[in-house]
Amino acid sequence: MNSYIVRGGTPLRGEVTISGSKNAALGVIAAAMVLDVPSRIENIPQVADAEIQLEICESIGAIVHRESPGTVTIDPRPIRTSHIETDKVRNIRASYYLLGVMLGKFGEGSIKMPGGCDLGTRPIDQHIKGFEALGATVTIEHGMIRLSSAQKLHGEHLFLDQGSVGATINIMLAAVRIEGTTIIENAGKEPHIVDVANFLNTMGANIRGAGTDVIRITGTPVLHGDGMYSIIPDQIEAGTFMIAAVLTRGDITVRNIIPHHMEPLSVKLVEMGAHTESGDDWMRVWTDDNAELSAAHFKTMRYPGFPTDLQPQTTVLLATATGTSRMHEDVFDNRFQYVDDLKMMGARVLVADRFAIIEGPCPLTGAHIRAHDLRAGAAMVLAGLYARGETRIDDSQIVERGYEDFIKKLTALGADIREVE
Ligand code: EPZ
């Protein structure tokens, strides 16, 4: 187990280049397995989750060349089985994307039930609903999900009951090669869903409407395109640094971003008293020295609403704002488990079901806490950067899963942070 040691109180100032989107990379790596030719993918973040997804692909025969940091070539032609036995799938939830790949390509497949961050119940009923609509038979036994299809799979018009990033991507990966047209209503609109669709279209697929509520996929029997793609910047990494700028009362420019993706956050930071300016691929976020921030109310929603993956980081920010703030977590049913650690630092937060009421400002003080999950762990780092004194955050390896060069980037901005065994 590793730990971060953080000493707080220094406003973070400077520039940071944002890496490729972890959640887009996990989908695009799986999508590369749907193709009939090799593909070259750039700007993959150097994080454990992406490496694990690549290793899962290799475990069933794909050939992965790691050409340079962030650039890989994936050749799916040698895939020898549709049954994924490796236990690595238990480390990342997105491993289940390979089910959609196998169903579309081979008409069958199996994989161990996925792992992933503990954010409450994380069912996969919408994934199963989609696969069954396409004609698959889905059974769950001995901890495995098995897909089979007695008859030929066919395109379908289906409605998702629950907005789901994963189900939208998984059904897309299955439908892209199935004869006929599949229409997904109530589809997710997140940037990483659009990235997977754009990658597949670059490789000869016919997917229309990604980024809207209705995605139309016309099955294409053979997929071979020009084989090159670059992953979009990570909206959540960028948002984490933008929040760090406001929290520490500093001044940070995040570079290599898509400013439009940051608007659900930037408009709220300005509402609290921060300042922003942006260009084609950058945004500067700062506050007046020792600024007094205003309390605010947030509700997490599917894109383009406020992202749930920035909820813990924002709750920490609200603890330093003046007044009573409210955070309504409307995507996951148990995503406030980190609040107990935050209260050990002096925060005044009341959690009731999916609501947190935050009283501020609180002069947070350093404590010995832990990273409960990826985004909560990043939020604890932010809390340590604000708090007086030293904060020790155990299980820091959880944070490294989703933030490339996190220590290096923070240190370059003036943070006093190191990682110890
Ligand atoms: C993706 O998870 C992300 N992970 C999560 O980011 C992110 O928090 C989430 O989308 C929401 O934006 C990846 O992309 C790898 P969902 P996913 O299916 O696909 C319910 C991070 O830190 N639901 O959109 O699992 C579900 O329980 C991670 O990078 C069903 O009810 O999220 C949740 O309440 C954490 N049935 C809601 O929908 C289903 O079949 C949204 O889940 C599927 C989901």
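Residues numbered from 1 in each chain as written. Predicted model: local features only at pLDDT ≥ 70, side-chain atom pairs only at ≥ 80, totals over all residues. Heavy atoms only, no water.

Take Asp-49: it is sitting in helix H2 (residues 48-59). On a C-alpha basis, the gap between Asp-49 and Asn-23 in space is 9.2 Å, while along the polypeptide they are 26 residues apart. The residues contacting Asp-49, other than those within four sequence positions of it, are Lys-22, Leu-26, Ile-92 and Arg-401. Here the side chain of Asp-49 touches Arg-401 through a polar contact of 2.7 Å, side chain to side chain. (Helix = DSSP H or I, 4+ residues; strand = E, 2+ residues; numbered from the N terminus. Contact = heavy atoms within 4.5 Å. Polar contact = N/O pair within 3.5 Å; in protein donor to acceptor, adjacent residues only side chain to side chain.)

Per the stated rule, a full pass over the model turns up 26 salt bridges. Residue Lys-88 is joined to Glu-55 by a salt bridge in which the shortest nitrogen-to-oxygen separation is 3.0 Å. Placement of Lys-88 in the loop between strand S5 (71-75) and helix H3 (97-106) and of Glu-55 in helix H2 is noted, with a sequence separation of 33 residues between them. The exposure class assigned to Lys-88 is partly exposed, which follows from its relative accessible area of 32%. With a shortest N-O distance of 3.1 Å, Arg-392 and Asp-394 are connected by a salt bridge. Residue class for Arg-392 comes out partly exposed when judged on its relative accessible area of 28%. One network of salt bridges, in which partners are shared, links Lys-22, Asp-49 and Arg-401. (Salt bridge = Lys/Arg side-chain N within 4 Å of Asp/Glu carboxyl O. Buried < 20%, exposed > 50% of the residue type's maximum accessible area, 1.4 Å probe, protein only.)

Our focus in this paragraph is the pairing of strand S4 (residues 63-68). By the bridge criterion, five bridges tie S4 to S5 in an arrangement that is antiparallel. Bridge pairing links Ser-68 to Thr-71 in S5. Connecting the antiparallel pair S4 and S5 is a turn made up of two residues, with Gly-70 showing a positive phi of about 95°. (Pairing = 2+ DSSP bridges.)

Around the ligand there are 26 residues in total, and Asp-125, Gln-126, Ser-164, Asp-309 and Val-331 lie nearest to it. Contact distances for the ligand include 3.4 Å between an oxygen atom and a backbone N or O atom of Pro-123. Residue Val-165 places a main-chain N or O atom 2.8 Å away from an oxygen atom belonging to the ligand. Burial of the ligand by the protein chains amounts to 91% of its free accessible area of 830 Å². (Near = heavy atom within 4 Å. Areas by Shrake-Rupley, 256 points an atom, 1.4 Å probe, with all protein chains shown as cover.)

Another aspect to go through is the layout of surface pockets. Within this model, the largest pocket holds a volume of roughly 1100 Å³. The set of elements that each furnish at least two residues to the lining of the largest pocket consists of helix H1 (22-32), helix H4 (125-133), helix H5 (165-175), helix H7 (235-247) and helix H11 (374-386). Looking at the lining of the largest pocket residue by residue, the class counts come to 17 nonpolar, 15 polar and 15 charged. In this model, the second largest pocket occupies a volume close to 220 Å³. Together, 14 residues line the second largest pocket, and Lys-152, Leu-153, Arg-177, Ile-178 and Glu-179 are the ones closest to its centre. Within the lining of the second largest pocket, the residues separate by chemical class into three nonpolar, seven polar and four charged. (1 Å grid on protein atoms, 1.4 Å probe; cavity = no way out; pocket = protein on both sides within 12 Å on 5 of 7 lines; lining within 4 Å. Points joined across faces, edges and corners; volume = space filled by probe spheres on them. Nonpolar A, V, L, I, M, F, W, Y, C, P; charged D, E, K, R; others polar.)

With that out of the way, let us pick up the packing of H1 against H3. H3 packs onto H1 with a crossing angle of 25° between their chain directions and a minimal axis gap of 9 Å. One finds that H1 runs roughly parallel with respect to H3. As H1 packs across H3, the resulting crossing turns out to be right-handed. In this structure, H1 contributes Leu-26, Gly-27 and Ala-30 to the contact, and H3 contributes Tyr-97, Leu-98 and Val-101. Grouping the amino acids of the contact of H1 with H3 by side-chain chemistry returns five nonpolar, one polar and no charged. (Axes fitted to C-alpha atoms, helices over the stretch in contact; angles between N-to-C directions. Parallel < 35°, antiparallel > 145°, perpendicular 65-115°, else oblique. Left-handed = near helix turned anticlockwise from the far one by under 90°.)

Below, the discussion takes up the sheet that holds strand S18 (residues 323-328). Spatial strand order, S17-S18-S20-S19: four strands in an open sheet with mixed pairing. Of all strands in the sheet, those bounded by a partner on one side alone are strand S17 (297-299) and strand S19 (348-352). Sheet twist, expressed as the mean angle between neighbouring strand axes with direction ignored, is 15°. For S19 and strand S20 (residues 355-360), the ladder comprises five bridges, and the chain directions are antiparallel. The partner of Ala-352 across the bridge, within S20, is Phe-355. Sitting on the sheet, helix H9 (residues 311-318) touches S17, S18 and S20, and the angle it makes with S18 is about 170°.

Examined against the element boundaries, Asp-75 turns out to sit in strand S5. Within the structure, Asp-75 has its side chain in polar contact with the backbone nitrogen of Arg-77 (distance 3.0 Å). Filtering out sequence-adjacent residues up to four positions away, Asp-75 remains in contact with Pro-38, Ala-62 and Ile-63.

Tallying each qualifying case throughout the model produces two cavities of 30 Å³ or more. Counted as a void, the largest cavity has a volume near 70 Å³. If you list the elements that add at least two residues to the lining of the largest cavity, you get H1, helix H6 (191-202) and H7. Looking at side-chain class alone, the lining of the largest cavity contains four nonpolar, five polar and three charged residues. In this structure, the second largest cavity encloses a volume near 40 Å³.

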